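So the chains spell out like this:
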Amino acid sequence: MTTKLTPLSERSAWKALSAHHQKIGDTQLKQLFAEDPGRGERFTLEAAGIFLDYSKNRITDETLKLLLQLAEESGLRERIDAMFRGDKINITENRAVLHVALRAPQGEKIVVDGEDVVPGVHAVLDKMAAFADRVRSGAWKGHTGKRIKNVINIGIGGSDLGPVMAYEALKHYSQRDITFRFVSNVDGTDFVEAVQDLNADETLFLVASKTFTTLETMTNAHSARDWSLAGLGGDEKAVAKHFVAISTNAKEVAKFGIDTANMFEFWDWVGGRYSMDSAIGLSTMLAIGPDNFRAMLDGFHQMDEHFRTAPFASNLPVLLGLLTVWYTDFFDAQTVAVLPYEQYLKRFPAYLQQLTMESNGKHVTLDGERVATVTGPIYWGEPGTNGQHSFYQLIHQGTRLIPCDFIGFYKTLNPLGQHHDMLMANVFAQAEALAFGKTAEQVKAEGTPDWLVPHRVFEGNRPSNTILADQLTPEVLGKLIALYEHAVFTQGTIWSIDSFDQWGVELGKVLAQKIIGELESKTEPALSHDTSTTNLIRRYRKNK
C-alpha cells in the first residue's frame, strides 16, 4: 500500500487555491497582460527541445506558487522517484509502472523483483530490428517466395491506438513500398476493408495481444488466418510465414501456428496505453526503420529525464498537469482540446484520449475512498485548420470553458509555397483571439448595426497553451508523447488515484461474453437481464 496522504481538499495548498480562485477567478487575461508587459516572455519554458508558452492561462505568480506547493504536498517528487525506481506504484495490480524503462539507454539499471529489466528491453529491441531489416529489405519471404508488400497490425486499445498514431505521425519517414493497415474493431467491416485489395501471399499480419486471448483481437486474428489460408491454398505451414505475434503467451501463439521464434515479448509492467515504444511498436519500426525508431526512443528518454530531474517550477509535464488540475477542479472545465497544427498528427488527439481518460477516469483514491474532487477531464481535438471550421465556434463563443493546447512546428516536412506560414499564422491568431476576444465597442467601431453587435462579440478570457518544436521528427514525437504521459502522471498524483489500472473496461467485456452466447443460441435462451437489455436481445435475435 502507499503512504496515506492528507485528503486533497484538506491540503493547505488546496485550501489556499480555493480562496485564491475566489479572488482571481474572474480576472481577465487582458488585465493580466496590461499589468505585466513582460508576461508573454516570462511565462514561457523551454526544455528538451520543446517550447511552452503558458502566458495565456488565467493564472498569476501566486497561482503558480500555490500549484507548485500543491505538487509538493501531494508527494509528487516521491512518486516520480518511486516510478523510476521500479516500485510497484500500480497498487491494485501490484505492478511496477516502467514505460520509462522501454526507452532507457543500454547501461542504465532499473530493477524489478531483483532483476535489471534494461538488458531484456534491449534484447527485444535488437530482435525487432533484425526482423524489421529482413522484412524491409525483402529478405523475409512469404509462403510462395514473394516479398512482403503489406503489413496489417491486429490489436485493440493500446495495441492499436499507439501504432496507428505513430504510423500516421511518422508517415514522412516510412518505407513507401510497403502498405500498412490497422485492424482493431470486432466489427467485421474493419477487417474486410483492410484486406479488400490485398493478396495473401504478400501480406504479413502482426497480432498484438499480451495474453493471446483478447476477444476482439483474436476474433480478427482467426479471420485473418482463414483469409490467408484461403489465399495460400490451405497449407497450414503458411501461417508461420505470414503471422508474427506480440505476446507473452508462447503456448497460445504456437497453437495458432506462429513460430515462437517470431514472438516479440513485453512485460506486465508496461500498461497497454504506455506500450507503443515496446514490441507493440513493431509496425512502427517496420514502417520507419530501426534507426528512426531508436531516435523516437531517445526523444522519449530526453523528456523522461527532464521530468525526473527538473525542479517543478521549470518542469514541462508538471506545469501542464497542474494547469489541467487548476481548470478541472476550480473552473469546472470538463474537457481539454488538443489542437495539433500538423496534418501528420491527425490521430494524436485520439491517442491522447486513451492515455488520459483510461489513466485518470477514476472515482476512488489510492486508499479506496471516493474522491472528493473532480478527476479526469475529457480530451479531444482535431488537426488545425480543420477544427476552425467545425468546433472552434463553441470554444470561442459557447458557454463552456475549454482550455486548449495548440501544437505547432517552426519547420514543415512538406514545404509548399505559403502553406506553412498560413498554418502557423492560424495557431497564433486563434490563441490570441481566444485570450483577448473582441469587445462590443470594437465591433461597433467597424460599423456593425446595433442589433448585430452582441452576435459578433468575443468575450475572450479563454485559456490556452502553445507548444512549439522545430519539426516533426521521430525524436520530437517521442518527446511530445512523453510530455503528455508525465502530465497525466502529475494529475493522477495530485488526485491520489491509480493512473495505471483500468478496471472500468472489465464489466462490459464480461457481460458481452455472456450475451454472445445468448445471441447465438439455437434455442430461445433463458434471459436474466433487466427488461431493457432482455427486450433488445430478443429484438436482435428476431431480426438478425
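- By the naming in an unreviewed UniProt entry, the protein chain goes by Glucose-6-phosphate isomerase and is assigned to Tunturiibacter lichenicola.
- Of the protein chain, the UniProt comment under Subcellular location (unreviewed entry) reads exactly: "Cytoplasm".
- Looking at the Sequence similarities (unreviewed entry) heading of the UniProt record, one finds this comment for the protein chain: "Belongs to the GPI family."

Considerations on the layout of surface pockets
Okay, step 1: Empty space within the largest pocket amounts to approximately 940 Å³.
Okay, step 2: Lining the largest pocket we find 40 residues, and of these Thr214, Gly272, Gln502, Val505 and Lys509 sit closest to its centre.
Okay, step 3: For the lining of the largest pocket, the secondary structure elements donating two or more residues are helix H7 (158-169), helix H9 (215-231), helix H15 (348-360) and helix H20 (506-520).
Okay, step 4: Here the lining of the largest pocket takes three residues from H9, the largest share from any one element.
Okay, step 5: Here the residues of the lining of the largest pocket sort into 14 nonpolar, 16 polar and 10 charged.

Some points on the pairing of strand E1 (residues 44-47)
Okay, step 1: Of the two faces of E1, the one lined by Leu45 and Ala47 is fully buried and the one lined by Thr44 and Glu46 carries no buried residue.
Okay, step 2: One ladder, built from four bridges, connects E1 with strand E2 (residues 50-53); its direction is antiparallel. Within E2, the residue paired with Thr44 across the bridge is Asp53.
Okay, step 3: With antiparallel pairing between neighbouring strands as the criterion, E1 and E2 make up a hairpin whose turn holds two residues, including Ala48 at a positive phi of roughly 50 degrees.

Quick notes on the nonpolar core
Okay, step 1: Grouped together as the largest cluster of nonpolar side chains are 125 residues, with contacts concentrated most on Trp269, Phe348, Leu477, Leu480 and Tyr484.
Okay, step 2: If one sorts the elements of this core by residue count, helix H19 (residues 474-495) sits on top with 12 residues.
Okay, step 3: A domain split of this core shows at least three residues from each of domain 1 (27-87 + 310-495) and domain 2 (111-288).
Okay, step 4: Apart from the residues lying within four places of it in its own chain, the contact partners of Tyr484 are Leu320, Val338, Phe348, Leu352, Leu355, Asp405, Ile407 and Ile467.
Okay, step 5: Among the nonpolar cores identified, the runner-up in size contains 21 residues, and Leu198, Met218, Ile258 and Met263 belong to it.

A short note on the sheet that holds strand E8 (residues 243-246)
Okay, step 1: Spatial ordering of the open sheet is given by E6-E5-E7-E8-E9, a layout of five strands whose pairing is parallel. The open sheet has two edge strands, strand E6 (179-183) and strand E9 (263-264), and neither has a second partner.
Okay, step 2: Along the sheet, H7 makes contact with strand E5 (150-154), E6 and strand E7 (203-208), crossing E6 at roughly 150 degrees.
Okay, step 3: Helix-sheet contacts for helix H8 (residues 188-195) involve E5, E6 and E7, and the interaxial angle to E6 is about 170 degrees.

Cut-offs applied
- Residues numbered from 1 in each chain as written.
- Predicted model: local features only at pLDDT ≥ 70, side-chain atom pairs only at ≥ 80, totals over all residues.
- Heavy atoms only, no water.
- UniProt positions renumbered as here; feature names shortened; annotations may be inferred.
- 1 Å grid on protein atoms, 1.4 Å probe; cavity = no way out; pocket = protein on both sides within 12 Å on 5 of 7 lines; lining within 4 Å.
- Points joined across faces, edges and corners; volume = space filled by probe spheres on them.
- Helix = DSSP H or I, 4+ residues; strand = E, 2+ residues; numbered from the N terminus.
- Nonpolar A, V, L, I, M, F, W, Y, C, P; charged D, E, K, R; others polar.
- Buried < 20%, exposed > 50% of the residue type's maximum accessible area, 1.4 Å probe, protein only.
- Pairing = 2+ DSSP bridges.
- Core = buried A, V, L, I, M, F, W, Y, C linked by side-chain atoms within 4.5 Å.
- Domains from an automatic or database assignment.
- Contact = heavy atoms within 4.5 Å.
- Axes fitted to C-alpha atoms, helices over the stretch in contact; angles between N-to-C directions.

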